[in-house]
Structure formats: C-alpha cells, structure tokens
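Chain and residue survey
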Amino acid sequence: MSCRNICTIYRATKSYGGNYYGYGYKRCTDCEIFIKWNGPRCPCCHEFLRIKTHDAKTRKKDIKRKLAV
Ligand SMILES: [Zn+2]
Ligand SMILES: [Zn+2]
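Residues numbered from 1 in each chain as written. Chains lettered and ligands numbered in written order. Predicted model: local features only at pLDDT ≥ 70, side-chain atom pairs only at ≥ 80, totals over all residues. Heavy atoms only, no water.

**Some details on the coordination of the zinc ion (ligand 1)**
Protein coordination of the zinc ion (ligand 1) is provided by C3 (SG), C7 (SG), C31 (SG) and C44 (SG), with donor distances spanning 2.2 to 2.5 Å. Between the four donor atoms coordinating the zinc ion (ligand 1), the angles at the centre fall across 101 to 117 degrees, so the site counts as tetrahedral. Motif for the zinc ion (ligand 1), donor spacing along one chain: C-x3-C-x23-C-x12-C. The distance between the zinc ion (ligand 1) and the zinc ion (ligand 2) comes to 3.9 Å, and C31 binds to both of them. Of the two residues, C7 sits in the segment before β1 (26-28) while C31 sits in the loop between β1 and β2 (33-35), which places them 24 residues apart along the sequence. Using a relative accessible area of 2% as the deciding quantity, one classes C7 as buried. (Donors = N, O, S within 2.8 Å, 3.2 Å for Na, K, Ca; no water. Tetrahedral: all angles 85-135°; square planar, octahedral: opposite > 155°, others 65-115°. Helix = DSSP H or I, 4+ residues; strand = E, 2+ residues; numbered from the N terminus. Buried < 20%, exposed > 50% of the residue type's maximum accessible area, 1.4 Å probe, protein only.)

Below is the structure:
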C-alpha cells in the first residue's frame, strides 16, 4: 500500500520543537509525515506507525508485531 493523501487530514500542524512523539504523534514511514492517530496502523497506507524514536527495543517490538499479523 502507498500514500493516498488521507494522512494529510491527520498530519501534525505545529513543529513542537521536533518532539512529535512526546505529544502523541506517530510517524508513518511510508507517507513520511507525523500524524495524530489512535490506531497502530496508518489510516492512509495501512503501514505500522512508529510511536517512538529509533531505539533497538522499539524496533524489535515492531518486528514481532508485524510477524504476528
Ligand atoms: Zn499517506
Ligand atoms: Zn501512511
């Protein structure tokens, strides 16, 4: 799946000093934006969203979740 521009509805509008994750925003790597969304997947491209900055623990969890689906 790829970006269908639905994510722009949910996109982060302020910069928040770059600390999007701290404000509950999630990053979609496919759409390459931060969005405000409650689900684990992007409403636009249905990719899994990043909820924290890149650290090894989060990445491992993500891989586990992907394999479980
Ligand atoms: Zn998108
Ligand atoms: Zn997306």
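Back to the text.
**Some thoughts on the coordination of the zinc ion (ligand 2)**
Here the zinc ion (ligand 2) is held by C28 (SG), C31 (SG), C42 (SG) and C45 (SG), and the distances to it run 2.3 to 2.4 Å. Overall, C42 belongs to the buried group, its relative accessible area being 1%.

**Observations concerning the packing of aromatic side chains**
Using the criterion set out here, one finds four aromatic pairs in the structure. Between Y21 and F34, the ring centres sit 5.2 Å apart and the planes meet at 75 degrees, which makes this aromatic pair edge-to-face. With Y21 in the segment before β1 and F34 in strand β2, this residue pair connects regions lying 13 residues apart in the sequence. Per residue, the accessibility class of Y21 equals that of F34, and both read buried. An aromatic cluster of at least three residues, connected via ring pairs, comprises Y20, Y21, Y25 and F34. In this structure, K36 packs its charged tip against the face of Y25, placed 5.2 Å from the ring centre. (Phe/Tyr/Trp six-rings, centres within 6.5 Å; stacked < 30°, edge-to-face > 60°. Lys NZ or Arg CZ within 6 Å of the ring centre and 35° of its normal.)

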